[in-house]
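Commentary on secondary and tertiary structure
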Amino acid sequence: MPNGDGLSMHPFAQYIQILGKGRNGMRSLSEQEAYDAMKMICCYDVEAEQLGAFLMLMRVKEETAAEVAGFTRALRESLPLDNLTYTPVIDWAAYAGKKRHYPWFILSALTLTRQGYPVFMHGLRRDDERIYVPQALKALGIPLAESLLEAEKQLQQSGFSYLSIENLSPLISQLIATRELFGLRSPLHTVSRMLNPFHAELTVAGVFHPNFSPIHQQASLMLQQPRALFCKGEGGEFERIPERPVELYGVSDQQSWQESWDKTLQPGLEVKPEKMDLSHWVSVWQGTASDLYGEYAVIGTLAWCIRALGIELQTEAAENLASVWWQSRHDGQ
(Lines give C-alpha, C1' and ligand atoms only; values in the text may rest on other atoms or scores of the structure.)
Protein backbone atom coordinates (compact mmCIF):
# COMPACT_ATOMS: atom_id res chain seq x y z
CA MET A 1 0.00 0.00 0.00
CA PRO A 2 1.60 3.31 -1.06
CA ASN A 3 1.55 6.31 1.22
CA GLY A 4 1.26 9.97 0.18
CA ASP A 5 4.90 9.99 -0.90
CA GLY A 6 4.44 6.98 -3.13
CA LEU A 7 6.41 4.77 -0.74
CA SER A 8 5.24 1.31 0.29
CA MET A 9 3.39 1.23 3.60
CA HIS A 10 2.61 -1.74 5.82
CA PRO A 11 -1.13 -2.63 5.53
CA PHE A 12 -1.63 -2.26 9.28
CA ALA A 13 -0.24 1.28 9.26
CA GLN A 14 -3.57 2.67 8.02
CA TYR A 15 -5.19 1.91 11.38
CA ILE A 16 -2.39 3.60 13.29
CA GLN A 17 -2.80 6.62 11.01
CA ILE A 18 -6.53 6.83 11.74
CA LEU A 19 -5.87 6.91 15.48
CA GLY A 20 -2.74 9.03 15.46
CA LYS A 21 -3.22 11.89 13.00
CA GLY A 22 -3.15 14.51 15.71
CA ARG A 23 -5.86 16.27 17.66
CA ASN A 24 -7.77 17.48 14.61
CA GLY A 25 -7.07 14.63 12.21
CA MET A 26 -7.59 11.54 14.36
CA ARG A 27 -10.86 9.66 14.70
CA SER A 28 -12.18 6.41 16.09
CA LEU A 29 -12.28 3.23 14.02
CA SER A 30 -15.55 2.08 12.53
CA GLU A 31 -16.78 -1.34 13.59
CA GLN A 32 -15.53 -2.82 10.30
CA GLU A 33 -12.13 -1.13 10.62
CA ALA A 34 -11.81 -2.41 14.18
CA TYR A 35 -12.69 -5.90 12.98
CA ASP A 36 -10.16 -5.75 10.13
CA ALA A 37 -7.42 -4.43 12.39
CA MET A 38 -7.98 -7.13 15.01
CA LYS A 39 -8.09 -9.83 12.34
CA MET A 40 -4.58 -8.79 11.31
CA ILE A 41 -3.48 -8.92 14.94
CA CYS A 42 -5.04 -12.38 15.33
CA CYS A 43 -3.07 -13.54 12.29
CA TYR A 44 0.13 -12.02 13.76
CA ASP A 45 0.34 -9.89 10.62
CA VAL A 46 1.64 -6.84 12.48
CA GLU A 47 5.02 -5.74 13.72
CA ALA A 48 5.66 -5.49 17.46
CA GLU A 49 6.22 -1.74 17.19
CA GLN A 50 2.91 -1.33 15.35
CA LEU A 51 1.02 -3.33 17.94
CA GLY A 52 2.45 -1.25 20.77
CA ALA A 53 1.63 2.00 19.04
CA PHE A 54 -1.89 0.81 18.19
CA LEU A 55 -2.71 -0.29 21.73
CA MET A 56 -1.40 2.90 23.32
CA LEU A 57 -3.20 5.16 20.85
CA MET A 58 -6.37 3.25 21.69
CA ARG A 59 -5.64 3.74 25.39
CA VAL A 60 -5.22 7.50 25.05
CA LYS A 61 -8.38 7.82 22.96
CA GLU A 62 -10.36 5.12 24.84
CA GLU A 63 -12.35 2.52 22.96
CA THR A 64 -15.81 3.15 21.55
CA ALA A 65 -18.69 0.68 21.47
CA ALA A 66 -18.17 0.16 17.72
CA GLU A 67 -14.49 -0.63 18.26
CA VAL A 68 -15.29 -3.06 21.07
CA ALA A 69 -17.86 -4.81 18.86
CA GLY A 70 -15.45 -5.06 15.93
CA PHE A 71 -12.59 -6.31 18.09
CA THR A 72 -14.86 -8.86 19.77
CA ARG A 73 -16.14 -10.27 16.47
CA ALA A 74 -12.59 -10.80 15.21
CA LEU A 75 -11.37 -12.36 18.45
CA ARG A 76 -14.34 -14.73 18.63
CA GLU A 77 -13.44 -15.99 15.17
CA SER A 78 -9.94 -16.79 16.45
CA LEU A 79 -11.29 -19.14 19.16
CA PRO A 80 -11.56 -22.94 18.63
CA LEU A 81 -15.35 -23.10 18.80
CA ASP A 82 -16.17 -25.57 16.01
CA ASN A 83 -16.66 -28.62 18.22
CA LEU A 84 -18.71 -26.92 20.95
CA THR A 85 -22.39 -27.85 21.11
CA TYR A 86 -23.43 -26.90 24.66
CA THR A 87 -24.88 -23.47 25.48
CA PRO A 88 -24.96 -22.28 29.11
CA VAL A 89 -27.47 -19.65 30.19
CA ILE A 90 -24.96 -17.14 31.56
CA ASP A 91 -21.52 -15.97 30.47
CA TRP A 92 -19.82 -14.31 33.46
CA ALA A 93 -16.65 -12.23 33.07
CA ALA A 94 -14.46 -12.12 36.21
CA TYR A 95 -11.20 -10.30 35.54
CA ALA A 96 -10.69 -7.82 38.39
CA GLY A 97 -10.05 -9.88 41.51
CA LYS A 98 -11.11 -8.88 45.02
CA LYS A 99 -9.06 -6.79 47.43
CA ARG A 100 -11.49 -5.25 49.93
CA HIS A 101 -14.11 -7.99 50.23
CA TYR A 102 -14.47 -11.72 49.60
CA PRO A 103 -15.53 -12.90 46.11
CA TRP A 104 -19.20 -13.14 47.03
CA PHE A 105 -20.22 -13.08 43.37
CA ILE A 106 -18.94 -16.64 42.95
CA LEU A 107 -21.50 -17.84 45.49
CA SER A 108 -24.19 -16.03 43.50
CA ALA A 109 -23.07 -17.88 40.36
CA LEU A 110 -23.08 -21.25 42.12
CA THR A 111 -26.55 -20.57 43.51
CA LEU A 112 -27.76 -19.87 39.97
CA THR A 113 -26.44 -23.22 38.78
CA ARG A 114 -28.43 -24.98 41.50
CA GLN A 115 -31.56 -23.28 40.18
CA GLY A 116 -30.90 -24.68 36.71
CA TYR A 117 -29.06 -21.73 35.14
CA PRO A 118 -25.60 -22.97 34.02
CA VAL A 119 -22.79 -20.42 34.29
CA PHE A 120 -19.58 -20.22 32.28
CA MET A 121 -17.07 -17.94 34.00
CA HIS A 122 -13.81 -16.68 32.53
CA GLY A 123 -11.14 -14.34 33.83
CA LEU A 124 -7.53 -13.96 34.84
CA ARG A 125 -5.24 -14.14 37.82
CA ARG A 126 -2.30 -11.91 38.66
CA ASP A 127 0.44 -12.31 41.24
CA ASP A 128 -0.74 -9.64 43.65
CA GLU A 129 -2.62 -9.33 46.92
CA ARG A 130 -6.06 -9.76 45.38
CA ILE A 131 -8.17 -12.91 45.57
CA TYR A 132 -8.99 -14.26 42.11
CA VAL A 133 -11.53 -16.86 41.08
CA PRO A 134 -9.05 -19.78 40.82
CA GLN A 135 -8.00 -19.38 44.47
CA ALA A 136 -11.61 -19.23 45.63
CA LEU A 137 -12.68 -22.27 43.60
CA LYS A 138 -9.73 -24.24 44.96
CA ALA A 139 -10.96 -23.46 48.49
CA LEU A 140 -14.36 -24.90 47.51
CA GLY A 141 -12.78 -27.96 45.88
CA ILE A 142 -14.08 -27.02 42.43
CA PRO A 143 -11.66 -27.91 39.59
CA LEU A 144 -10.69 -25.42 36.89
CA ALA A 145 -11.08 -26.16 33.21
CA GLU A 146 -7.97 -26.23 31.04
CA SER A 147 -9.69 -25.86 27.66
CA LEU A 148 -13.02 -24.94 26.10
CA LEU A 149 -13.81 -28.62 25.55
CA GLU A 150 -13.15 -29.40 29.21
CA ALA A 151 -15.24 -26.39 30.20
CA GLU A 152 -18.09 -27.77 28.09
CA LYS A 153 -17.87 -31.13 29.88
CA GLN A 154 -17.93 -29.43 33.29
CA LEU A 155 -20.94 -27.34 32.28
CA GLN A 156 -22.80 -30.46 31.19
CA GLN A 157 -21.92 -32.28 34.42
CA SER A 158 -22.32 -29.60 37.10
CA GLY A 159 -23.67 -26.47 35.41
CA PHE A 160 -20.57 -24.43 36.24
CA SER A 161 -17.12 -23.99 34.75
CA TYR A 162 -14.28 -21.50 35.00
CA LEU A 163 -11.64 -21.08 32.29
CA SER A 164 -8.72 -18.66 32.52
CA ILE A 165 -8.14 -16.26 29.65
CA GLU A 166 -4.72 -17.78 29.02
CA ASN A 167 -6.43 -21.09 28.23
CA LEU A 168 -9.42 -19.50 26.53
CA SER A 169 -7.30 -17.30 24.26
CA PRO A 170 -3.50 -17.18 24.60
CA LEU A 171 -3.49 -14.21 22.20
CA ILE A 172 -5.80 -12.12 24.37
CA SER A 173 -3.79 -13.11 27.42
CA GLN A 174 -0.63 -11.85 25.72
CA LEU A 175 -2.31 -8.59 24.74
CA ILE A 176 -3.63 -8.02 28.26
CA ALA A 177 -0.12 -8.68 29.59
CA THR A 178 1.16 -5.62 27.70
CA ARG A 179 -0.06 -3.72 30.75
CA GLU A 180 3.15 -4.83 32.47
CA LEU A 181 5.20 -3.37 29.58
CA PHE A 182 3.39 -0.05 29.22
CA GLY A 183 1.98 0.47 32.69
CA LEU A 184 -1.42 1.13 31.10
CA ARG A 185 -4.45 -1.02 30.35
CA SER A 186 -5.31 -1.88 26.75
CA PRO A 187 -8.75 -2.20 25.10
CA LEU A 188 -8.42 -5.96 25.55
CA HIS A 189 -9.44 -5.48 29.19
CA THR A 190 -12.82 -4.37 27.85
CA VAL A 191 -13.05 -6.80 24.94
CA SER A 192 -12.18 -9.92 26.97
CA ARG A 193 -15.34 -9.37 29.01
CA MET A 194 -17.43 -9.56 25.82
CA LEU A 195 -16.17 -12.85 24.38
CA ASN A 196 -19.07 -15.14 25.36
CA PRO A 197 -17.59 -18.12 23.46
CA PHE A 198 -20.52 -20.46 24.20
CA HIS A 199 -23.09 -17.91 22.96
CA ALA A 200 -24.89 -17.78 26.31
CA GLU A 201 -28.24 -16.00 26.38
CA LEU A 202 -27.06 -13.60 29.08
CA THR A 203 -23.63 -12.05 29.48
CA VAL A 204 -22.71 -10.13 32.65
CA ALA A 205 -19.66 -8.13 33.65
CA GLY A 206 -18.64 -5.60 36.24
CA VAL A 207 -16.59 -2.49 35.52
CA PHE A 208 -14.40 -0.35 37.74
CA HIS A 209 -15.00 2.90 35.86
CA PRO A 210 -18.74 3.62 35.41
CA ASN A 211 -18.30 5.17 31.94
CA PHE A 212 -17.51 1.73 30.52
CA SER A 213 -20.95 0.28 31.35
CA PRO A 214 -22.78 2.08 28.49
CA ILE A 215 -19.92 1.15 26.12
CA HIS A 216 -20.45 -2.53 26.93
CA GLN A 217 -24.19 -2.06 26.61
CA GLN A 218 -24.02 -0.49 23.15
CA ALA A 219 -21.44 -3.03 21.96
CA SER A 220 -23.79 -5.82 23.07
CA LEU A 221 -26.53 -4.36 20.90
CA MET A 222 -24.15 -4.27 17.91
CA LEU A 223 -23.18 -7.89 18.57
CA GLN A 224 -26.89 -8.85 18.78
CA GLN A 225 -26.44 -10.27 22.28
CA PRO A 226 -29.94 -11.35 23.47
CA ARG A 227 -29.45 -10.29 27.09
CA ALA A 228 -26.67 -8.45 28.89
CA LEU A 229 -26.05 -6.55 32.11
CA PHE A 230 -23.18 -4.27 33.12
CA CYS A 231 -22.53 -2.04 36.12
CA LYS A 232 -19.89 -0.75 38.48
CA GLY A 233 -19.38 -3.64 40.88
CA GLU A 234 -17.31 -4.15 43.99
CA GLY A 235 -13.65 -3.94 43.04
CA GLY A 236 -14.58 -4.07 39.36
CA GLU A 237 -16.27 -7.46 39.53
CA PHE A 238 -19.95 -8.14 38.80
CA GLU A 239 -20.92 -7.98 42.46
CA ARG A 240 -23.44 -5.85 44.34
CA ILE A 241 -22.12 -3.31 46.84
CA PRO A 242 -25.02 -3.45 49.32
CA GLU A 243 -24.09 -0.14 50.94
CA ARG A 244 -24.32 1.90 47.71
CA PRO A 245 -26.93 2.61 45.03
CA VAL A 246 -26.10 1.31 41.56
CA GLU A 247 -26.90 2.10 37.93
CA LEU A 248 -27.63 -0.97 35.83
CA TYR A 249 -27.11 -0.96 32.05
CA GLY A 250 -28.93 -3.85 30.45
CA VAL A 251 -29.97 -5.33 27.13
CA SER A 252 -33.11 -7.43 26.63
CA ASP A 253 -34.32 -8.62 23.24
CA GLN A 254 -32.17 -6.08 21.39
CA GLN A 255 -33.49 -3.22 23.52
CA SER A 256 -31.31 -1.29 25.96
CA TRP A 257 -32.52 -0.34 29.43
CA GLN A 258 -31.15 1.45 32.46
CA GLU A 259 -32.29 1.25 36.06
CA SER A 260 -31.26 2.74 39.41
CA TRP A 261 -31.25 0.35 42.37
CA ASP A 262 -31.03 1.73 45.89
CA LYS A 263 -28.68 0.45 48.57
CA THR A 264 -29.89 -2.53 50.61
CA LEU A 265 -27.62 -2.18 53.65
CA GLN A 266 -26.90 0.90 55.71
CA PRO A 267 -23.20 1.87 55.57
CA GLY A 268 -21.14 1.11 58.64
CA LEU A 269 -23.09 -1.91 59.87
CA GLU A 270 -20.36 -4.31 58.78
CA VAL A 271 -16.60 -3.83 59.16
CA LYS A 272 -14.38 -4.77 56.24
CA PRO A 273 -12.21 -7.79 57.14
CA GLU A 274 -8.62 -6.86 57.95
CA LYS A 275 -7.40 -10.10 56.42
CA MET A 276 -9.47 -12.30 54.15
CA ASP A 277 -9.54 -15.93 55.21
CA LEU A 278 -11.26 -17.99 52.53
CA SER A 279 -12.25 -20.61 55.11
CA HIS A 280 -14.78 -18.09 56.46
CA TRP A 281 -16.11 -17.50 52.95
CA VAL A 282 -16.44 -21.28 52.41
CA SER A 283 -18.26 -21.63 55.73
CA VAL A 284 -20.80 -18.99 54.67
CA TRP A 285 -21.46 -21.00 51.50
CA GLN A 286 -21.83 -24.19 53.52
CA GLY A 287 -24.19 -22.49 55.96
CA THR A 288 -22.02 -23.00 59.04
CA ALA A 289 -21.15 -19.29 59.36
CA SER A 290 -22.94 -16.02 58.65
CA ASP A 291 -21.78 -12.74 57.18
CA LEU A 292 -24.19 -9.82 57.03
CA TYR A 293 -22.39 -7.89 54.28
CA GLY A 294 -21.57 -11.02 52.31
CA GLU A 295 -25.09 -12.40 52.23
CA TYR A 296 -26.49 -9.04 51.16
CA ALA A 297 -23.85 -8.96 48.39
CA VAL A 298 -24.73 -12.49 47.24
CA ILE A 299 -28.47 -11.85 47.25
CA GLY A 300 -28.07 -8.47 45.55
CA THR A 301 -25.94 -9.97 42.78
CA LEU A 302 -28.42 -12.82 42.36
CA ALA A 303 -31.22 -10.27 42.05
CA TRP A 304 -29.37 -8.53 39.21
CA CYS A 305 -29.20 -11.83 37.32
CA ILE A 306 -32.86 -12.57 37.98
CA ARG A 307 -33.75 -9.15 36.55
CA ALA A 308 -31.43 -9.56 33.57
CA LEU A 309 -32.89 -12.97 32.74
CA GLY A 310 -36.38 -11.49 32.78
CA ILE A 311 -37.58 -13.81 35.56
CA GLU A 312 -38.65 -10.88 37.74
CA LEU A 313 -38.63 -7.34 36.34
CA GLN A 314 -39.34 -5.43 39.55
CA THR A 315 -36.48 -4.79 41.96
CA GLU A 316 -38.26 -5.92 45.13
CA ALA A 317 -39.57 -9.11 43.51
CA ALA A 318 -36.12 -9.94 42.15
CA GLU A 319 -34.51 -9.40 45.54
CA ASN A 320 -37.16 -11.51 47.31
CA LEU A 321 -36.68 -14.39 44.89
CA ALA A 322 -32.90 -14.09 45.21
CA SER A 323 -33.22 -14.42 48.99
CA VAL A 324 -35.31 -17.57 48.58
CA TRP A 325 -32.78 -19.08 46.17
CA TRP A 326 -29.89 -18.30 48.51
CA GLN A 327 -31.63 -19.81 51.54
CA SER A 328 -32.51 -22.97 49.60
CA ARG A 329 -29.14 -23.37 47.84
CA HIS A 330 -28.41 -26.73 49.51
CA ASP A 331 -31.91 -28.19 49.28
CA GLY A 332 -31.83 -31.55 47.54
CA GLN A 333 -28.03 -31.69 47.44
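Residues numbered from 1 in each chain as written. Predicted model: local features only at pLDDT ≥ 70, side-chain atom pairs only at ≥ 80, totals over all residues. Heavy atoms only, no water.

1. Brief notes about the nonpolar core
Judged by nonpolar contacts, the single largest core of 59 residues is most densely connected at Phe12, Phe54, Leu75 and Leu188. Per-element tally for this core: the top contributor is helix H3 (residues 31-42), with seven residues. Excluding residues within four positions of it along the chain, Phe54 makes contact with Phe12, Tyr15, Ile16, Leu19, Leu29, Ala37, Ile41 and Phe71. Core analysis: the next-biggest nonpolar cluster, separate from the first, contains 53 residues, Ile106, Trp261, Ala297 and Trp326 among them. (Core = buried A, V, L, I, M, F, W, Y, C linked by side-chain atoms within 4.5 Å. Buried < 20%, exposed > 50% of the residue type's maximum accessible area, 1.4 Å probe, protein only. Helix = DSSP H or I, 4+ residues; strand = E, 2+ residues; numbered from the N terminus. Contact = heavy atoms within 4.5 Å.)

2. Points about the packing of aromatic side chains
Per the counting criterion, the structure on display carries ten aromatic pairs. Seen from their ring centres, Phe12 and Phe54 are 5.2 Å apart, and the 65 degrees between their planes marks the pair as edge-to-face. Placement of Phe12 in the segment before helix H1 (13-20) and of Phe54 in helix H4 (residues 48-61) is noted, with a sequence separation of 42 residues between them. For the pair Phe12 and Phe54, one class covers both residues: buried. An aromatic cluster of three or more residues is present, and its members are Phe12, Tyr15, Phe54 and Phe71. It is Arg73 that lies over the ring of Tyr35; its NZ or CZ is 4.4 Å from the centre. When the ring centre of Phe208 is taken as origin, the NZ or CZ atom of Lys232, which lies over that ring, is 4.5 Å away. (Phe/Tyr/Trp six-rings, centres within 6.5 Å; stacked < 30°, edge-to-face > 60°. Lys NZ or Arg CZ within 6 Å of the ring centre and 35° of its normal.)

3. Regarding the pattern of salt bridges
Scanning all chains against the criterion turns up twelve salt bridges. The partner of Arg27 in a salt bridge is Glu33, and the shortest N-O contact between them spans 2.9 Å. Put simply, Glu62 and Arg59 hold a salt bridge, and the shortest N to O gap is 3.8 Å. Residue Arg59 is classed as partly exposed on the basis of its relative accessible area of 24%. Through salt bridges with shared partners, one network takes in Lys98, Glu234 and Glu239. (Salt bridge = Lys/Arg side-chain N within 4 Å of Asp/Glu carboxyl O.)

4. Here's the deal with helix H16 (residues 315-327)
Across its 13 residues, H16 extends 18 Å between first and last C-alpha, which sits within 8% of the 18 Å expected from 1.5 Å per residue. Inspection of H16 places Ala318, Ala322, Trp325 and Trp326 among the buried residues, and these make up the whole buried set. Here the buried residues of H16 occupy an arc of 95 degrees about the axis, which is enough to place them on one side. Away from its buried face, by an angle of more than 90 degrees, H16 presents the exposed residues Glu316 and Gln327. Looking at the buried residues of H16, the elements they touch are helix H6 (104-114), strand S7 (255-261), helix H14 (278-286) and helix H15 (292-308). (Expected span 1.5 Å × (residues − 1). Arc of directions from axis to C-beta.)

5. A look at H4
Under the 1.5 Å per step criterion, the end-to-end length of H4 is 20 Å for 14 residues, consistent within 8% with the ideal 20 Å. Those residues of H4 that fall on the buried side of the exposure criterion are Gln50, Leu51, Gly52, Phe54, Leu55, Met56, Met58 and Lys61.

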